[in-house]
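Structural features, examined
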Amino acid sequence: MPHTPNILTDLDVELAKRGSGRLVLGSWTVRLPRSFGFCGGVLNALNLLKKTVEEQQVGRLNGSAVQRLADSSGSPRTTTSAIGLVKADHPSPPTTHHSRILLLGDIIHNDTVNEQFRARGVVILPDADVPHALEHVRDGDTVVIPAFGLERDITQSLQALHEAGRIRLLDTTCRYVKRIWEFVGREAATGSTVLIMGKPDHPENRATLSRALTDGNAVVQLADLVDVAEFAATLTTPAPDGRMHEPATRNMQHETPPGVTLHNPDWFNPGALAFAAQTTLLYTETIEAERLLRAAAESAGAAFTSAATVCLATQERQKAALDLCTEGCDLFLVVGGFASSNTAQLYRLAAQHATAYFIRTADDFDAARITHYDPASKEMRSTGGWLPAGSAVIGLLSGASCPAGDVGGVIRKLRGLARRPQ
Ligand code: SF4
């Protein structure tokens, strides 16, 4: 009987995990890290969306099923309905055959997962259109905010539509992302300059920026550790008279280092700095960034505060991947969506220890060639003769947004290649 991969569980992955993360395939040993699979935030988002799709389908078949779940609340209540979990305290639009589930960007950064929802009728707004989401929302829609969160002003407008009974709103934002919002919002309110480390065009960082930037403070976006080091050096550049703050202000207003983006330069306050990092960065780099910034702030006489914002799931997966790296692998396959930040970090980690290929699924390789992604150059590459000829240990890493089914697919393909006649 053919093996049917499941999006959440996979027989081959289970077998590999039960065998102490080790599978012997011919002359190759495939190793899986101890911490593996979807994180809690991703699972929560997927389950909520799945439930909403099912409710919508029942509603279409049965006129008022969705309506009943959402409308029966004269007062706020908790319900097992995905839609009800958002807030069943407002009138909801009726479900008709025109009703759509509109997802504002990918639910998570994984093509397999998004395709499965698309196949079930979910409309996924391209990421480039999300800043103009309101132009795409129609009355009667169920609008879904993905796990990364959404910019504050758009969220507020959607909430108003929800409260007016024109749309349903399902918010799947991860609690770790919301924790960053609380921190940056609090610091922004005191006039601190908020320093955000992470890719500025990532949806999570756009959402964080919208909460960190007010009419009374500045925000500095730092894409990576190099930017952090440059910014830290700027802070400690003394003026001719030896004073620290004015030259830092002047530098940031007129000589922003490349890669560093300064918002609201007139409100740049070099005396009070607050640091937060994207949830899925390399944990060791965020610790180093914090150390550099704290030291620079101290020598400039500035107040400095930071929040531990790399999420626990990311830390655990990076620690498990690092253990695998140090135990020794000859080759790494890193499986996941190319837009996935946490998967890209696992690739960077693996590539420091052995040859590593970042692939989406098992479709990306055969015996002759492997097609893989380089996150640094953002280019696809094709490499021939990539498979080890003799005995080798192949490390298999995947991010918190990668379904076990995709990893299982890679194991099955490797098994087939291991059995092929040489
Ligand atoms: S990787 Fe971390 S921040 Fe992202 S959804 Fe998972 S738990 Fe939340």
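A brief structural summary. (Residues numbered from 1 in each chain as written. Predicted model: local features only at pLDDT ≥ 70, side-chain atom pairs only at ≥ 80, totals over all residues.)

Structural notes on the site of the ligand
Filter applied, for reference: Any residue whose C-beta atom, as set from the backbone, lies within 6 Å of a molecule or strand is reported as near that molecule or strand. Helix and strand assignments follow DSSP, with helices taken as H or I runs no shorter than four residues and strands as E runs no shorter than two, numbered in order from the N terminus. Under the scheme applied, nonpolar residues are Ala, Val, Leu, Ile, Met, Phe, Trp, Tyr, Cys and Pro; charged residues are Asp, Glu, Lys and Arg; polar residues are all the others, including Gly.
Around the ligand sit 15 residues in total, of which Cys39, Gly41, Cys174, Thr279 and Cys311 are the nearest. Breaking the shell around the ligand down by element, the ones donating at least two residues are helix 2 (40–61), helix 7 (175–189) and helix 12 (312–327). If one sorts the elements of the shell around the ligand by residue count, helix 2 sits on top with three residues. Considered class by class, the residues forming the shell around the ligand number nine nonpolar, six polar and no charged.

As for the sheet that holds strand 2 (residues 28–31)
Our working definition: Here a strand pair is declared whenever DSSP counts at least two bridges between the two strands. Structural elements are reduced to axes, namely lines fitted to C-alpha atoms, with helices fitted over the stretch in contact, and the angle between N-to-C directions of any two is expressed from 0 to 180 degrees.
Ordered in space as 1-2-16-12-13, the five strands form an open sheet in which the pairing is mixed. Each edge of the open sheet is held by one strand with a lone partner, namely strand 1 (22–25) and strand 13 (355–359). Sheet twist, expressed as the mean angle between neighbouring strand axes with direction ignored, is 20°. With five bridges joining them, strand 12 (residues 331–335) and strand 16 (residues 392–398) adopt parallel strand pairing. If you follow Leu331 over to strand 16, its bridge partner there is Ile394.

Here we look at helix 12
We count it as follows: Each residue after the first adds 1.5 Å to the expected span of a helix. We call a residue exposed when 12 or fewer other C-beta atoms sit within 10 Å of its C-beta, buried when the count reaches 20 or more, and partly exposed for counts in between; the C-beta positions come from the backbone. This arc describes the spread of directions from the helix axis toward the C-beta atoms.
Look at helix 12: 23 Å from first C-alpha to last across 16 residues, which is about the 22 Å you get at 1.5 Å a residue. The complete set of buried residues in helix 12 reads Ala313, Thr314, Arg317, Gln318, Ala321, Leu324 and Cys325. Projected down its long axis, helix 12 shows its buried positions confined to an angular sector of 125°, all on one face. Looking one or two places after helix 12, you find Gly328, whose phi comes out positive at around 105°.

A few points about the sheet that holds strand 11 (residues 303–306)
Selection criterion: Distance between backbone-placed C-beta atoms decides contact: two residues are in contact if it is within 7 Å.
Across the sheet, five strands lie side by side as 9-8-7-10-11; this open sheet has mixed pairing. With one partner strand each, in any of the chains shown, strand 9 (260–263) and strand 11 form the two edges of the open sheet. The average undirected angle you get between the axes of adjacent strands in this sheet is 20°. In terms of strand pairing, strand 8 (residues 219–222) meets strand 9 through four bridges, oriented antiparallel. When the sheet's bridge partners are listed, Gln221 is paired in strand 9 with Thr261. Against the sheet, helix 11 (residues 283–299) contacts strand 7 (193–197), strand 10 (272–277) and strand 11, and its axis sits at roughly 175° relative to strand 10.

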